Amino acid sequence: ATGQFPPANKKIGVTVAYLGVPFYANYKLGLEDGAKQFGFTYDLMDGKMGDLPTELSNLQHFGAGGFDAVLLTPSGEGILPALKQLLDAKVPVIEVNNRAGFGKDGINVTSYVGGNDVEFGKLQTDLVINHFGDKPVKVAYVMGPLSSPAQVLRAQGWDEGRAAHATINEIARVSDDFDSAKALAVVQDLLSRF
């Protein structure tokens, strides 16, 4: 049974570049709750940690499958040709959490839902300053996949925030690719080196 809304009777395609990342567990729950409340069906496909051929195949599947709309969490701009094909076929696309086409000339993504990642990066510097104050501090910056649009923007915000706080000394910048096991190894390596 649906919630207070009449059933949408729409078929939504959903592809998430980093579906295996624990962050997306709640995304999946929200998608299921939304489907029940609003009466739509969906096909959730994994982007295999930003594997571009997989992501392109997912979008082509949605374009050929009669989907009414697509929710897309892209790994980066490599997806733009397939995204443009979907949009040219008049399939509405909403980018979620990561941006590839939203705001780009000639690519009319319907909307973007997610945070301001530059601001997120600046907030990371704020956390350091709030904790350490004016004391000099050495920080190792551990990032997700370097090609992830969200990570690129977060690093930009981090760099802008650090520029305003000379007490923050970045001693290393490494990637854990949003992989928990790799994150543990990266942090252990940083602790042994520094």
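Look up: the structure comes first, before these words.
Anyway, here's the lowdown on the structure attached to this text. (Residues numbered from 1 in each chain as written. Predicted model: local features only at pLDDT ≥ 70, side-chain atom pairs only at ≥ 80, totals over all residues. Heavy atoms only, no water.)

### Some details on the nonpolar core
In a soluble, globular protein the nonpolar side chains are often hidden away together inside. By size, the foremost hydrophobic cluster in this structure holds 16 residues, and its most contacted members are L59, V70, L72, L83 and V93. Counting residues per element, the ones that place at least two in this core are helix 2 (52–64), strand 3 (69–73) and helix 3 (80–88). For this core, the element with the most residues is helix 3, which contributes five residues. In contact with V70, other than residues within four places in its own chain, are G13, L59, F62, L86, V91, P92, V93 and I94. By size, the runner-up hydrophobic cluster in this structure holds 15 residues, among which are Y18, L19, L31 and F40. (Core = buried A, V, L, I, M, F, W, Y, C linked by side-chain atoms within 4.5 Å. Buried < 20%, exposed > 50% of the residue type's maximum accessible area, 1.4 Å probe, protein only. Helix = DSSP H or I, 4+ residues; strand = E, 2+ residues; numbered from the N terminus. Contact = heavy atoms within 4.5 Å.)

### Here we look at the packing of aromatic side chains
The way to describe two aromatic rings as a pair is by their centre distance and the angle between their planes. Within the structure shown, the criterion is met by seven aromatic pairs. Judged by centre distance (5.5 Å) and plane angle (85°), the ring pair of Y18 and F178 falls under edge-to-face. Linking Y18 in the loop between strand 1 (11–16) and helix 1 (24–38) with F178 in the loop between strand 7 (168–175) and helix 6 (180–193), this pair joins segments that are 160 residues apart in sequence. The class of Y18 is buried, set by a relative accessible area of 2%. One aromatic cluster is present, built from ring pairs that chain together F23, Y24 and Y27. Here K11 stacks its cationic end above the ring of F67, 4.5 Å away from the centre of that ring. Positioned over the ring face of Y112 is R99, at 4.0 Å from the centre of the ring. (Phe/Tyr/Trp six-rings, centres within 6.5 Å; stacked < 30°, edge-to-face > 60°. Lys NZ or Arg CZ within 6 Å of the ring centre and 35° of its normal.)

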